[in-house]
Amino acid sequence: MVAFSMRKVPNRETTEISHVLLCNVTQRVSFWFVVTDPSRNHTLPAVEVQSAIRMNRNRINNAFFLNDQTLEFLRIPSTLAPPTDPSVPIWIIIFGVIFCIVLVATMLLILSGIQQHRRKHKGPSEMEDTEDKCENVITIENGIPCDPLDMKGGHINDAFVTEDERLTPL
Amino acid sequence: MEKTRPLWATPLQFVFACISYAVGLGNVWRFPYLCQMYGGGSFLVPYIIMLVVEGMPLLYLELAVGQRMRQGSIGAWRTVSPYLSGVGVASVVVSFFLCTYYNVINAWAFWYLFHSFQDPLPWSVCPLNGNRTGYVEECEKASSTQYFWYRKTLNISPSIQESGAVQWEPALCLVLAWLVVYLCILRGTESTGKVVYFTALLPYCVLFIYLVRGLTLHGATNGLLYMFTPKMEQLANPKAWINAATQIFFSLGLGFGSLIAFASYNEPSNNCQKHAIIVSIINSSTSIFASIVTFSIYGFKATFNYESCLNKVILLLTNSFDLEDGFLTANNLEQVKDYLASAYPSKYSEVFPQIKNCSLESELETAVQGTGLAFIVYTEAIKNMKVSQLWSVLYFFMLLLLGIGSMLGNTAAILTPLTDSKVISSYLPKEAISGLVCLANCAIGMLFTMKAGSYWFDIFNDYAATLSLLLIVLVETVAVCYLYGLSRFESDLKAMTGHALNWYWKAMWGGVSPLLIISLFIFYLSDYIITGTLQYQAWDAAQGQLVTKDYPPHALAVIGLLVASSIMCIPLVALGTLITRRLRRGDPDPAPVA
């Protein structure tokens, strides 16, 4: 695997398995390895090996059915998967929905309030006309207005039906 | 023709309005902290004593004044004595400050609520750094929940001097918060009366669901045991008693004028004594209930962190000494550590600095209050629960309900005097007045969405209301008892409600409560004077933690202005009334004698 990774690096296409040397193998499946340069007989710098491994980390992991947490390369930081970023942040969508609902509800309440206001203003103006008419009929004696009991917004008591309607017409 | 005063449709609406106003965020995020700091179960003793001695009498007084005078705070105190309308004005000023900064909490709750609909929750993972090898450094040093709060939500600046620009995301949420509040108060008691059914009842549903979930969490009992084991020696600590008194005082929302406003929409024959007792008992029980929920969640979070810490130590030792997997467990950790220390001393001393001392006690002892508790600690616990999106949505929905319920009372305190005033209400309908007040508050609230906004928020939270309210309520109590006359008030109440005034209330109003308030006031003043310069906690991004800094002079000036602007109303308006009366007495009376 390591040789395969090294082969992916430009100028190192001729790396063979025999160029990868293992040492310090322990029972807990951990070991040190170095990659030698085939022509010049020295070990390759760690940085090069690290970047090569990093690029092919996924394939190495998959070959062993392991992942970054279970197969650890010391001093090779794993490339973390970034969280999925939707094009429109989700919170704006929800904000927009709730904002529109609240705005519409507010508008409805304000409009119905204005309508009620207008109805109230029409109502009292009609009442004022009838009151004016009543005022004209007030009898004045000695400069003191008589109390027009029957004209001032009198309530008709329905319990007392007028006699004419009770008797059958002759 | 005079418009009849709008009334609550049923007395139940009035009770719910008072409950939803009094039961606010303080019950959830301040009381559990106090309970933890001052001896757990034994804190309930001073708390209940203060409730009976201070909370109930003062609440009854405010409700009775509002119901009797049938006007907002300015009109009510003007009726008591024309020189005292300054008390009403001071209440309105304090309520105005409160409205401005309180709704910012609702804006933050909206922000978190909207972000709860993602998987994974955005505060559970750190964002990646530039070359995707690790996490952002600030997030590594702090935790992901702290990073989300300080960087993503607040985008906080390192100190209060660097104000930065208005952040558009919190600003949008603030606009939405004010729109929601406007929707609820638009029609006065007609709309508020219906909204309070939700804001009073739904939080209890959510709290109950959380109680059941919290008690079944792993490790909840650790938190509950820690909280409720009484530490009786704290009863001798005067700070415990002072904090109990303060908590009762501010939790009930006395002195803002909201209670007077709510009570003024009552029928005169309403039995406000019964309602005062009910509201204060429900408020305190909710605090205790909320602290049970909070502490079971604390226990879960502390146990989770303790176990993760242990697992990290186990992994470290397993790796360093090539031990067999599963050999090290939480139970034999100490023995194995001793064995390793004696068997491989050199290697052990290399690894030793990295081994953290995991302690459940220290995790539980991190006592947090305020926005830190609500937005950092709770979110940290929620992200580890199963189906965390659901719990997150429920939790922030509950915070919103509590916050908006309190905002209804706060805005009522400002709007009732305005709509009572004949001058203003003849020009503008009440929808327009409410709209203008909301707009003004929203515009000023943009200050708190700037980068340094959270520091200004803390200033308003700590200083805008504390001293002024104590003074306002003191003047209120003294005015009713001695200026208006306790016997006159008693006969008024008897004529109004039909019940005679119990001797207990008379004793409390006349003597005990004013003395308590005076001692609280003296304590606060001496505390401010002794500590000298005022300090605040600033977030240091490089270290990933809070550091203490001194307030700069202009911030101190603002603090002084906040306190002075409300307190000065009382003597200034009294002086103004005195002067106008003297001037009027100078001119001959122009009204003809009928």
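Residues numbered from 1 in each chain as written. Chains lettered and ligands numbered in written order. Predicted model: local features only at pLDDT ≥ 70, side-chain atom pairs only at ≥ 80, totals over all residues. Heavy atoms only, no water.

1. Digging into the overall build of chain A
Stated formally: Runs of H or I in DSSP of at least four residues are treated as helices and runs of E of at least two as strands, each being numbered from the N terminus. For every residue, the accessible area (1.4 Å probe, protein chains only) is compared with the maximum for its type, and the residue is labelled buried under 20%, exposed over 50%, or partly exposed between those bounds. Any pair of residues with heavy atoms lying within 4.5 Å of one another is described as a contacting pair. Here the Shrake-Rupley method, with its probe set to 1.4 Å, supplies the accessible areas, and only the displayed protein chains count as covering residues.
Check the secondary structure of chain A and you find five helices and four strands. The secondary structure elements of chain A, listed N-terminal to C-terminal, are α-β-β-α-α-α-β-β-α. For chain A, with 170 residues in total, the buried portion stands at 18%. Long-range pairs, those at least 24 residues apart, make up 30% of the contacts in chain A with a sequence separation of at least 6. For chain A, the accessible surface area stands at approximately 14,000 Å², while carbon and sulfur atoms represent 60% of it.

2. So, the overall build of chain B
Defined as follows: Radius of gyration means the value over C-alpha atoms here, while the globule rule gives 2.2 Å times the residue count to the 0.38 power. Positive charges are assigned to Lys and Arg, negative charges to Asp and Glu, while His and the chain termini are left out of the count. The atoms used to mark charge sites are NZ of Lys, CZ of Arg, CG of Asp and CD of Glu.
Secondary structure summary: chain B contains 26 helices and two strands in total. For chain B, whose C-alpha radius of gyration is 27 Å, the value lies close to the compact-globule estimate of 25 Å for 594 residues. Residues counted as buried form 56% of the 594 residues belonging to chain B. Look at the contacts in chain B between residues 6 or more apart in sequence, and 82% of them connect residues 24 or more apart. Surface accessibility of chain B: about 24,900 Å² in total, with carbon and sulfur atoms responsible for 64%. Seen as two clouds, the 34 positive and the 35 negative side-chain charges of chain B have centres 11 Å apart.

3. Section: the state of the cysteines
Residues and elements named next belong to chain B. The criterion, for reference: By definition, disulfides here are pairs of cysteine sulfur atoms that lie within 2.5 Å.
For the structure on display, the rule yields two disulfides over all chains. Between C126 and C139 runs a disulfide, and the two sulfur atoms are separated by 1.8 Å. Judged by the torsion about the S-S bond (-85 degrees), the C126/C139 disulfide is left-handed. Of this pair, C126 sits in the loop between α6 (85-115) and α7 (137-141) while C139 sits in helix α7, and the two are 13 residues apart along the sequence. When its relative accessible area of 13% is taken as the criterion, C126 is described as buried. At a sulfur-sulfur separation of 1.9 Å, the disulfide partner of C309 is C358. Here the S-S torsion is close to -80 degrees, and the disulfide linking C309 with C358 is therefore left-handed.

4. What to know about helix α26 (residues 569-586) of chain B
Turn by turn, an α-helix covers 3.6 residues, leaving residues three or four places apart pointing in a common direction. Residues and elements named next belong to chain B. Cut-off, in case you're wondering: Under the convention used throughout, the expected extent of a helix is 1.5 Å for every residue step, that is, one less than its residue count. The directions considered for the arc run from the helix axis to the C-beta atoms.
Compared with an ideal rise of 1.5 Å per residue, which puts 18 residues at 26 Å, α26 spans 25 Å between its outermost C-alpha atoms and is within 8% of the ideal. Where α26 is concerned, the buried positions are C569, I570 and T577. Down the axis of α26, the buried set is contained in an arc of 100 degrees. They therefore lie on one face. Every exposed residue of α26 that faces more than 90 degrees away from the buried side is listed here: L572, R582, L583 and G586. Taken together, the buried residues of α26 touch α6, α23 (466-497) and α25 (553-567).

5. So, the packing of aromatic side chains
All names here are of chain B. What counts here: Planes of paired rings set the category: under 30 degrees apart is stacked, over 60 is edge-to-face and the rest tilted, where pairs are Phe, Tyr or Trp rings (Trp by its six-membered ring) whose centres lie within 6.5 Å. For a lysine, the NZ atom is tested; for an arginine, the CZ atom; a charge sits over a ring if that atom is within 6 Å of the ring centre and within 35 degrees of the ring normal.
Summed over the entire model, instances satisfying the criterion amount to 51 aromatic pairs over all chains. Ring centres of W8 and Y265 lie 6.2 Å apart, and the angle between their planes is 90 degrees; this geometry places the pair in the edge-to-face category. With W8 in the segment before α1 (11-22) and Y265 in the loop between α13 (258-264) and α14 (272-321), this residue pair connects regions lying 257 residues apart in the sequence. For Y265, a relative accessible area of 12% corresponds to the buried category. Judged by centre distance (6.1 Å) and plane angle (85 degrees), the rings of W503 and Y504 are edge-to-face. A cation over an aromatic ring shows up here: K231 above the ring of Y226, its NZ or CZ 5.1 Å from the ring centre. In this structure, R488 packs its charged tip against the face of Y484, placed 4.0 Å from the ring centre.

6. Looking at the UniProt feature "binding site: Na(+)" (unreviewed entry) in chain B
All names here are of chain B. Under the convention used in this document: UniProt positions are given in the numbering used here, feature names are shortened, and annotations may be inferred rather than shown by experiment.
When the UniProt feature table is mapped to this numbering, "binding site: Na(+)" (unreviewed entry) covers A22, V23, N27, S251, N283, L402 and S406. Taken along the chain, the residues just named run across 385 residues; in space they keep tight, none of their C-alpha pairs more than 12.6 Å apart. When you line up the elements, A22 lands in helix α1. When sequence neighbours within four positions are dropped, the list of residues in contact with A22 reads N27, S251, L252 and N283. Mapping S406 onto the fold places it in helix α19 (residues 388-420). With relative accessibility at 4%, the residue S406 sits in the buried group.

7. A word on a positive patch on the surface
All names here are of chain B. Put simply, the test is: A patch is a set of surface residues, each over 30% in relative accessible area and not in a salt bridge, joined within 9 Å for like charges and within 5 Å for the nonpolar side chains Val, Leu, Ile, Met, Phe, Trp and Tyr. Any carboxyl oxygen of Asp or Glu within 4 Å of a side-chain nitrogen of Lys or Arg constitutes a salt bridge here.
Where like charges cluster on the molecular surface, the positive patch consists of R581, R582, R584 and R585. The topology assignment puts R584 in helix α26. Taking the relative accessible area as the measure of exposure, R584 reaches 66% and is therefore exposed.

8. Points about the interface of chain B and chain A
Applied cut-off: Pairing of N or O atoms within 3.5 Å defines a polar contact, subject to two protein rules: one partner must be a possible hydrogen donor and the other a possible acceptor, and residues neighboring in sequence count only if both atoms are side-chain atoms. Any residue outside Ala, Val, Leu, Ile, Met, Phe, Trp, Tyr, Cys, Pro, Asp, Glu, Lys and Arg is labelled polar, Gly included; the first ten of those are nonpolar and the last four are charged.
Listed by partner, the interface residues are 29 residues for chain B and 24 residues for chain A. Run the count over chain B and chain A and you get zero salt bridges. Counting across the interface, chain B meets chain A through two residue pairs in polar contact (both at pLDDT 80 or more). Elements supplying a minimum of two residues to the side of chain B that touches chain A: α6, α9 (168-185) and α14 of chain B. Considering each element in turn, the side of chain B that touches chain A owes the most residues, ten residues, to α9(B). Classifying every residue of the side of chain B that touches chain A by side-chain character gives 17 nonpolar, seven polar and five charged.

9. What about the nonpolar core?
Residues and elements named next belong to chain B. Convention followed: In these notes, a set of buried Ala, Val, Leu, Ile, Met, Phe, Trp, Tyr and Cys residues joined through side-chain atoms within 4.5 Å is what counts as a nonpolar core.
In terms of nonpolar packing, the biggest core is built from 188 residues, with Y210 and W509 touching the most fellow members. Of all the elements, α6 adds the most residues to this core, at 19 residues. Filtering out sequence-adjacent residues up to four positions away, Y210 remains in contact with V293, I297, I382, M385, W391, S392, L394 and Y395. Counting residues in hydrophobic clusters, the runner-up holds 15 residues, among them L310, F321, L333 and Y348.

10. Some remarks on a nonpolar patch on the surface
Residue and element names in this part refer to chain B. Together, V423, Y427, L428, L436 and L439 line one region of the surface with nonpolar side chains, adding up to about 570 Å² of accessible area. The topology assignment puts Y427 in helix α20 (residues 422-427). Among the residues examined, Y427 registers a relative accessible area of 70% and is labelled exposed.

11. With respect to the packing of α6(B) against α23(B)
The description of two packed helices rests on the angle between their axes and on the distance between the axes. All names here are of chain B. Selection rule: Throughout, an axis means a line fitted to C-alpha atoms (over the contacting stretch in the case of helices), and angles, computed between N-to-C directions, take values from 0 to 180 degrees. The cut-offs work like this: below 35 degrees is roughly parallel, past 145 is roughly antiparallel, 65 to 115 is roughly perpendicular, and the gaps in between are oblique. Crossing handedness: left-handed means the near helix sits turned counterclockwise from the far one by under a right angle, and right-handed means the same turn made clockwise.
At a minimum axis distance of 10 Å, the contact between α6 and α23 shows a crossing angle of 155 degrees. As far as their axial angle goes, α23 and α6 are roughly antiparallel. As for how α6 packs across α23, the hand of that crossing is left-handed. Across the interface between the two elements, V87, A90, S91 and V94 of α6 pack against S468, L469, I472, V475 and E476 of α23.

12. What about the confidence of the model for chain B?
Low-pLDDT portions of the prediction should not be read for the details of their coordinates. For clarity, the threshold we go by: Confidence per residue, as judged by the predictor, is encoded in pLDDT with a range of 0 to 100.
Of the residues in chain B, 98% reach a pLDDT of 70 or more, and the chain-wide mean stands at 88. For this predicted complex, the interface score ipTM comes out at 0.81, while the overall pTM is 0.82.

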